[in-house]
Amino acid sequence: MAGFSQGVDPDLIRRARRGDRAALESLYRTYRDAVYTLALRILDQRGAAEDVLQETFVEVLQKLSSLRDDVSLPGWIRSVAVNKCLMQLRSAWRRNGHSLEDAFAAGDDGLPDPVALRFGARAEARVDLETWLSALPPVSRAVLWLHDVEGFTHAEIGALMERTESFSKSQLARAHARILMLAGAAADEEERCTPVSKTC
Amino acid sequence: MHACLEDLLSLRDGDSPPRELVEHVSACGPCTQRLGELCLARARLRALPRVAPTRDLWDSIAPRPAPARRGLQWAGAGLAAAASVALFLVWSRLPVESSVDVRERDPRAAQSALAPTRDIQQLQAVSQHLGRLERSMPRRRAIVSAREESALETLELAIASVDGQLAGVDPAALDPAVEDLWRQRVELMDALVQVRFAQGAPAVR
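Note that the coordinates shown come from a computational prediction; the quantities given were computed from them, not determined experimentally.

Asks: So what's going on with the overall build of chain B? Residues and values would help.
Replies: Counting its regular elements, chain B contains nine helices and zero strands. Secondary structure elements of chain B occur, N-terminal to C-terminal, as α-α-α-α-α-α-α-α-α. Here chain B holds 205 residues, and 37% of them are scored as buried. Within chain B, contacts between residues separated by at least 24 positions form 77% of all contacts whose residues are at least 6 apart in sequence. Carbon and sulfur atoms provide 59% of the accessible area of chain B, an area that totals close to 12,200 Å².

Laid out in structure tokens, this is it:
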């Protein structure tokens, strides 16, 4: 998990609950990068990730006093952040005149042409996992990150997205199929571009 | 027949796969290779570096004490902002309509109708009014979204840019370029007032 496994001193949480500004700031700084990374990987937009970071901590700080179990703090922060990400995902699709249902149904919609991506990437001399992650449809990317990195189960992802467990499984398979395809295309290209020795 | 990706993923994730699937994959080179690729992809995803935001958002997140007489302040600012926007809208719509009307009545008058119809002093007065209003508004509420902050920065930079251009022209000049700068300033100030007003309004979810 990208930083959410880090626990905090119970005394710090107690002080934060009482509204101690320094303790609140310390909590924010402890989980800031974890929340931002999660949001950036899922949403692939820095501005939207900053919004998620901000909204997450505003909610966390407001509701901290209602948290009963200190140990669950990192998981709670993560679940608040995930919900904010999914809200962003929904609103982004709505802003573009689509519903999230369209995104689910469209599957590969919005994907760049793999050939164009391959040659574009070669021109930039940089093909890596982050590039492939960016090339995924938003819903597949979210499922991939939540499952493979954050450790959410398919049942949990299905519930978060108001869909089924099998929906999550198929989105994960779709994401991996795309990554494997892009990785294969990049490998082919690299092989083709490797200088061949002229001497035997 | 090779195993499909969903089956390989369930095998990778340890989701009690059927025995036939396990037997097939362990005996099949391409499936074993694909399973290895899926494991590698997950490992590489988990190894991606953590990313820090490019700017510190703590100031916009930190809880603030509620200011005294906040309700009264907001009521006044709200009314003033509404009045300002109404004033601006009335002012900005009229010339467009009259230009069209004039053109429809007499095409030969189109050229003169398209020329600036409001003098610079009027634009300056509206701009000053908006400036006073904007300065009287509270700077931020407890929660300011990153996008709002970015919008404010953009507007303030654009206003500074227009002010820089206006500083370089003769204050008495009445040419259309100067009028256009003042018009831009009024539009930007109006947008700034609206953003500040939105900051003061309760967040809508």
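Asks: A description of the overall build of chain A should follow, citing residues and the corresponding values.
Replies: When helices and strands are tallied, chain A shows 10 helices and zero strands. For chain A, the N- to C-terminal ordering of α and β elements is α-α-α-α-α-α-α-α-α-α. Expressed as a percentage of its 200 residues, the buried residues of chain A come to 51%. Within chain A, contacts between residues separated by at least 24 positions form 68% of all contacts whose residues are at least 6 apart in sequence. Element-wise, carbon and sulfur atoms account for 50% of the exposed surface of chain A, whose accessible area totals about 9,400 Å².

Asks: Tell me about the side chain of A:Thr56, residues and numbers included.
Replies: Inspection of the secondary structure assignment puts A:Thr56 in helix α3 (residues 46–63). Once you skip the residues sitting within four places of it in the chain, A:Thr56 turns out to touch A:Val35, A:Ile77, A:Val80, A:Ala81 and A:Lys84.

Asks: Explain unusual backbone geometry to me, using residue names and the numbers behind them.
Replies: Residue and element names in this part refer to chain A. Although it is not a glycine, Asp 44 adopts a positive phi angle of roughly 60°. One can find Asp 44 in the loop between α2 (21–43) and α3. A positive phi angle, near 55°, is found at Glu 162, a position not held by glycine. Relative to the helices and strands, Glu 162 is located in the loop between α9 (154–160) and α10 (165–193). In this structure Glu 162 comes out as exposed when scored by relative accessible area, which is 66%.

Asks: Please provide a residue-by-residue account of the environment of A:Glu25, values included.
Replies: Residues and elements named next belong to chain A. Turning to its location among the elements, Glu 25 is positioned in helix α2. Judged by relative accessible area, Glu 25 falls into the partly exposed class, the value being 26%. Counting along the chain gives 36 residues from Glu 25 to Leu 61, while the straight-line C-alpha distance between them is 9.7 Å.

Asks: Tell me about the interface of chain A and chain B, and name the residues and values.
Replies: Where the parts come together, the accessible area they lose is often given as the size of the interface. On the side of chain B, 34 residues touch chain A, which itself brings 46 residues to the contact. Surface buried jointly by chain A and chain B totals about 3,600 Å² across both partners, of which 62% is contributed by carbon and sulfur atoms. Put simply, chain A and chain B have 12 residue pairs in polar contact (both at pLDDT 80 or more) between them.

Asks: I'd like to hear about the pattern of salt bridges, residue by residue, with values.
Replies: Think of it this way: side chains of opposite charge can pair up when their charged atoms draw near. One pass over the structure, following the stated rule, counts 19 salt bridges over all chains. Of the charged contacts in the structure, one is a salt bridge between A:Arg15 and A:Asp11, with a shortest N-O distance of 3.7 Å. Here the residue A:Arg15 and the residue A:Asp11 both occupy positions in helix α1 (residues 10–17), the gap between them amounting to four residues, near one helical turn. Of the residues examined, A:Arg15 reaches a relative accessible area of 26% and is grouped as partly exposed. For A:Asp11, a relative accessible area of 34% corresponds to the partly exposed category. Connected through salt bridges with shared partners, the residues A:Asp148, B:Arg12, B:Asp13 and B:Arg42 form a single ionic network.

Asks: With reference to specific residues and values, describe the packing of aromatic side chains.
Replies: The geometry of an aromatic ring pair comes down to the distance between the two centres and the angle between the two planes. Overall, the coordinates contain two aromatic pairs over all chains when judged by the stated rule. Their ring planes at 85° and their centres at 5.1 Å tell us that A:Tyr28 and A:Phe57 sit as a pair that is edge-to-face. Taken together, the residues span a long stretch of sequence, with A:Tyr28 in helix α2 and A:Phe57 in helix α3 at a distance of 29 residues. Feature note: the residues A:Tyr28, A:Phe57 and B:Trp58 constitute an aromatic cluster, connected by ring pairs. Over the face of the ring belonging to A:Phe167 we find A:Arg163, whose NZ or CZ atom lies 4.7 Å from the ring centre.

The rules behind these values
- In this convention, every chain numbers its residues from 1, walking through the sequence in written order.
- Key to labels: chains lettered from A, ligands numbered from 1, both in the order written.
- Selection of residues for local features in this predicted model requires a pLDDT of at least 70, selection of side-chain atom pairs for listing and counting requires 80 or more, and totals for whole chains, interfaces and linings are taken over all residues.
- Side-chain measures here rest on the full set of heavy atoms in the structure, leaving out hydrogens and waters.
- Secondary structure is summarised from DSSP: a helix means a run of H or I of at least four residues, a strand means a run of E of at least two, and numbering begins at the N terminus for each.
- The rule is simple: take the accessible area with a 1.4 Å probe, protein chains only, and divide by the maximum for that residue type; under 20% is buried, over 50% is exposed, in between is partly exposed.
- What makes two residues a contact is simply this: any of their non-hydrogen atoms within 4.5 Å.
- The accessible surface values rely on the Shrake-Rupley method and a 1.4 Å probe; as for residues, cover is taken only from the protein chains in view.
- Summed over both partners, the accessible area (1.4 Å probe) lost when two parts come together is defined as the buried area.
- Between N or O atoms, a polar contact is any pair within 3.5 Å; within protein, one atom must be a potential hydrogen donor and the other a potential acceptor, and residues adjacent in sequence are included only when both atoms are from side chains.
- Each reported salt bridge corresponds to a side-chain nitrogen of Lys or Arg within 4 Å of a carboxyl oxygen of Asp or Glu.
- Working definition: a ring pair exists when centres of Phe, Tyr or Trp rings (six-membered ring for Trp) sit within 6.5 Å. Plane angles under 30 degrees give stacked, over 60 give edge-to-face, the rest tilted.
- By the criterion adopted, a ring carries a charge over it if an Arg CZ or a Lys NZ lies within 6 Å of its centre and within 35 degrees of its normal.

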